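# Reading the structure
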Amino acid sequence: MPSRKQRLQEKQRRQLAVVDTVDKAEVKVRKAETELAVAVAEAVQVFGDEHAASEGLDMPVEAVRRFVGMAASGAEATDDVSPQPRSEVPGGGTTILRA
């Protein structure tokens, strides 16, 4: 039977593994959202305006505007990119530290 310390260590290991998995998934979601924002912004240019893009993409105008805004702020952010602090996770992974 494992000691209390061993049980706690195992629980912490599982928690860190789950946090690492969620962090990796969040990165993928942000990347996909960014790619979608760029594609929607391009669609607005191709269709001529937000309303035409909304109809062409079968997407609410508010969503089109949100993605166009994301694409615009993403373009501005690439001019001033600073790395986020990271923390090593047992097992070789890393976790992004958030304020």
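For the structure, see preceding data.
For the structure given in this document, a descriptive report is provided here. Counting starts from 1 at the beginning of each chain's written sequence and moves along it residue by residue. A pLDDT threshold of at least 70 governs which residues receive local features in this predicted model, and a stricter bar of 80 or more applies before side-chain atom pairs are shown or counted, although totals over entire chains, interfaces and linings include all residues. Each side-chain value is derived from all of the structure's non-hydrogen atoms; neither hydrogens nor water enter the calculation.

## Describing unusual backbone geometry
- If you check the backbone angles, Asp58 has positive phi at about 55° while not being a glycine.
- Per the convention used, a helix needs a DSSP run of H or I reaching at least four residues, while a strand needs a run of E reaching at least two, with both numbered from the N terminus. Among the secondary structure elements, Asp58 is positioned in the loop between helix 2 (50-57) and helix 3 (61-77).
- When a residue's accessible area, from a 1.4 Å probe over protein chains only, is under 20% of the maximum for its type it is buried; when over 50% it is exposed; and in between it is partly exposed. On the accessibility criterion, Asp58 (72% relative accessible area) is exposed.

## Description of a nonpolar patch on the surface
- Any residue with relative accessible area above 30% and no salt bridge may belong to a patch, with like charges joined within 9 Å and the nonpolar Val, Leu, Ile, Met, Phe, Trp and Tyr side chains within 5 Å. All accessibility values rest on the Shrake-Rupley procedure with a 1.4 Å probe; residue burial counts only the protein chains present in the view. A pairing counts as a salt bridge when a side-chain nitrogen of Lys or Arg comes within 4 Å of a carboxyl oxygen of Asp or Glu. Among the surface-exposed residues, Val46, Phe47 and Leu57 lie close enough to one another that they form a single nonpolar patch of about 280 Å² accessible area.
- Considering the arrangement of structural elements, one finds Val46 in helix 1 (residues 4-47).

## Details of helix 2
- By the criterion applied in these results, polar contacts are pairs of N or O atoms within 3.5 Å in which, for protein atoms, one can donate a hydrogen and the other can accept it, and in which residues neighboring in sequence qualify only through two side-chain atoms. Two or three places before His51, at the start of helix 2, stands the capping residue Asp49, its side-chain oxygen 3.2 Å from that residue's backbone nitrogen.
- Positive backbone phi, approximately 55°, marks Asp58, located one or two places after helix 2.

## Some words on the packing of aromatic side chains
- Two rings belonging to Phe, Tyr or Trp (six-membered ring only in the last case) form a pair when the distance between their centres is within 6.5 Å. Interplanar angles under 30 degrees mark stacking, angles over 60 mark edge-to-face geometry, and anything in between is tilted. Taken as a whole and judged by the stated rule, the model has zero aromatic pairs.
- Throughout this description, the term charge over a ring refers to an Arg CZ or Lys NZ atom that lies within 6 Å of the ring centre and within 35 degrees of the ring normal. When the ring centre of Phe67 is taken as origin, the NZ or CZ atom of Arg66, which lies over that ring, is 4.5 Å away.

## Examining the pattern of salt bridges
- Taken as a whole and judged by the stated rule, the model has four salt bridges.
- A salt bridge links Arg13 to Glu10, with the nearest nitrogen and oxygen atoms 2.6 Å apart. One end of the pair is Arg13 and the other is Glu10, both in helix 1 and three residues apart, which spans about a single turn.
- Note on Arg13: relative accessible area 44%, which makes it partly exposed.
- Glu10 sits in the partly exposed class, given a relative accessible area of 30%.
- A salt bridge links Glu10 to Arg14; the shortest N-O distance between them is 3.8 Å.

## Things to note about the packing of helix 1 against helix 2
- It is at 8 Å that the axes of helix 1 and helix 2 come closest, and there the two elements cross at 110°. The angle between helix 1 and helix 2 places the two elements in the roughly perpendicular class. Both helix 1 and helix 2 take part in a crossing whose hand is right-handed. Across the interface between the two elements, Val40, Ala43, Val44 and Phe47 of helix 1 pack against Glu50, Ala52, Ala53, Gly56 and Leu57 of helix 2. Here the axes come from fitting lines to C-alpha atoms, over the contacting stretch only for helices, and the angles between their N-to-C directions go from 0 to 180 degrees. Oblique is the label for any angle not under 35 degrees, not over 145, and not in the 65 to 115 range, which are roughly parallel, roughly antiparallel and roughly perpendicular in turn. Note on convention: the crossing is left-handed when the near helix lies turned anticlockwise from the far helix by less than a right angle, right-handed when the turn is clockwise. Should any heavy atoms of two residues lie within 4.5 Å, those residues are counted as being in contact.

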